[in-house]
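# Descriptive analysis of the structure
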Amino acid sequence: MNTRTLGREGLQVSALGLGCMGMSEFYGQGDEKESIAVIHRALDLGMNFLDTADMYGRGANEELVGRAIRDRRAEVVLATKFGIKRDGATRTVENSPEYIRAACDASLRRLGVDHIDLYYMHRRNPAVPVEESVGAMAELVRQGKVRHLGLSEVNADTLRKAVAVHPIAALQSEYSLFTRGLEAEILPAARELGIGLVAYSPISRGLLSATMPSADELPADDFRRNLPRNTGENAEHNRALAAEIKKIADAAGVTAAQLSLAWLLAQGEDIVPIPGTKRLKYLEENAAAADVTLTPEQLGALAAAVPADAVRGARYPSMQEIEL
């Protein structure tokens, strides 16, 4: 698989990464044996950029990833995140320097590694100046615990303040044919500052595959049941859009998911999608998208079928943790 560069310090990652969140939580019951097989197969395919976070499975996902890469650490570009604390059903965002230092040490222990290649601030608490948070993250770089820094779901102003303290390799934000809001200001700012974009939910949590079951058919513990885009009239409208994308994909001889990933890859060499999966068959399908090159005609057809503001419904029931 080809590689791409995130940031001005030269962090090299595979053109497609692997989101590991769903292996431990949020998308129904997982299977650790298959999840580890998925990670190993991703590495075999050259998909070396693995993404996790300390809040996924309340630490269990980092532990799973750590077990999977124990004998293959040198092959992996390992990314994890701090910042979302969970206490029962309550979630808070914590960005204090003291917390960052403790969170990093805890992630290193769970992952079983001596350094993290890319360490993100998962969400921002505006009560803490971002300069203080990035300053603490920069100290982790000086200590050798972290190689590169990233931020997630922040706006252009925050990016500029952060870069004034320490180089930022990547901004991780939701980006797909169905989520285009960052194109107006955030993506241009990232490019101005030399920050790569890591696109999570690049298939819009399955919606763009045109094969996802309706919300009431999903497992009871699948968080997508409650997403505004998947319910009521929003769901009907968005499924119709996905059906149009599938027509273009069928004509191109690829799946709708592959077409959606290929579209993201075509948006710039500084964009790295990280589709998540816990199933081998979907991993293979997603990885093959790296070999799909879309023609100008196909890109034009997608632009016509799915204008930037075509999707209906918010990404989450509450967007209060996301800077727009």
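Residues numbered from 1 in each chain as written. Predicted model: local features only at pLDDT ≥ 70, side-chain atom pairs only at ≥ 80, totals over all residues. Heavy atoms only, no water.

In the nomenclature of an unreviewed UniProt entry, the chain corresponds to Aryl-alcohol dehydrogenase-like predicted oxidoreductase from the organism Nonomuraea rubra.

## A few points about the state of the cysteines
If you walk through the whole model with that rule in mind, you get zero disulfides. The closest cysteine sulfur to the non-disulfide-bonded Cys20 is located on Cys104, 18 Å from its own sulfur. Residue classification places Cys104 among the buried positions, given a relative accessible area of 0%. (Disulfide = S-S within 2.5 Å. Buried < 20%, exposed > 50% of the residue type's maximum accessible area, 1.4 Å probe, protein only.)

## Concerning the sheet that holds strand E10 (residues 170-174)
To summarise the sheet geometry, strands pair through backbone hydrogen bonds and adopt either a parallel or an antiparallel arrangement. Here we have eight strands laid out as an open sheet, ordered E3-E4-E5-E8-E9-E10-E11-E12, and parallel in their pairing. Two strands bound the open sheet, and with one partner strand each, they are strand E3 (18-19) and strand E12 (271-273). Strand contacts of helix H3 (residues 97-111): strand E5 (77-82), strand E8 (116-121) and strand E9 (146-152), with the helix running at about 135° to E8, the strand carrying the most contacts. (Pairing = 2+ DSSP bridges. Helix = DSSP H or I, 4+ residues; strand = E, 2+ residues; numbered from the N terminus. Contact = heavy atoms within 4.5 Å. Axes fitted to C-alpha atoms, helices over the stretch in contact; angles between N-to-C directions.)

## Some words on the packing of helix H2 (residues 60-69) against H3
Axis separation between H2 and H3 bottoms out at 7 Å; the angle between their running directions is 45°. Taken together, the axes of H2 and H3 are oblique relative to one another. For the pair H2 and H3, contact is made by Glu62, Glu63, Val65 and Gly66 and by Ser107, Arg110 and Leu111, respectively. The residue inventory of the contact of H2 with H3, partitioned by class, reads two nonpolar, two polar and three charged. (Parallel < 35°, antiparallel > 145°, perpendicular 65-115°, else oblique. Nonpolar A, V, L, I, M, F, W, Y, C, P; charged D, E, K, R; others polar.)

## Notes on the nonpolar core
A general tendency of soluble globular proteins is for nonpolar side chains to be buried together. Residues Leu18, Ile39, Leu159, Tyr175, Phe178 and Ile245 are the most contacted members of the largest nonpolar core, which totals 81 residues. If you tally residues by element for this core, the top one is helix H8 (residues 256-265), at eight residues. The contact partners of Leu159, leaving out residues within four places of it in the chain, are Leu151, Val154, Leu171, Ile186, Ala190, Leu193 and Ile195. Counting 16 residues, the second largest nonpolar core, distinct from the first, contains Val77, Val198, Tyr200 and Ile274. (Core = buried A, V, L, I, M, F, W, Y, C linked by side-chain atoms within 4.5 Å.)

## Side note on the pattern of salt bridges
Counted under the stated rule, the structure contains 21 salt bridges. Note that Asp44 and Arg72 form a salt bridge whose closest N and O atoms lie 2.8 Å from each other. Taken together, the positions of Asp44 in helix H1 (residues 32-44) and Arg72 in the loop between H2 and E5 put the pair 28 residues apart, joining distant regions of the chain. By relative accessible area, Arg72 is classed as buried at 18%. Salt bridges here are not isolated pairs; linked through shared partners, they connect Glu153, Glu174, Arg205 and Arg315. (Salt bridge = Lys/Arg side-chain N within 4 Å of Asp/Glu carboxyl O.)

## Notes on the environment of Arg70
Topologically, Arg70 is positioned in the loop between H2 and E5. Placed 43 residues apart in sequence, Arg70 and Val113 show a C-alpha to C-alpha distance of 8.3 Å.

## So, the pairing of E8
Here E8 lies mainly inside the structure; six of its six residues are buried. Here E5 pairs with E8 via four bridges, running parallel. Note that in E8 the partner of Ala79 across the bridge is Leu118. Between the parallel pair E8 and E9, the chain is carried across by helix H4 (residues 130-142), and the sense of this crossover is right-handed. (Right-handed = clockwise from strand over helix to strand, strands pointing away.)

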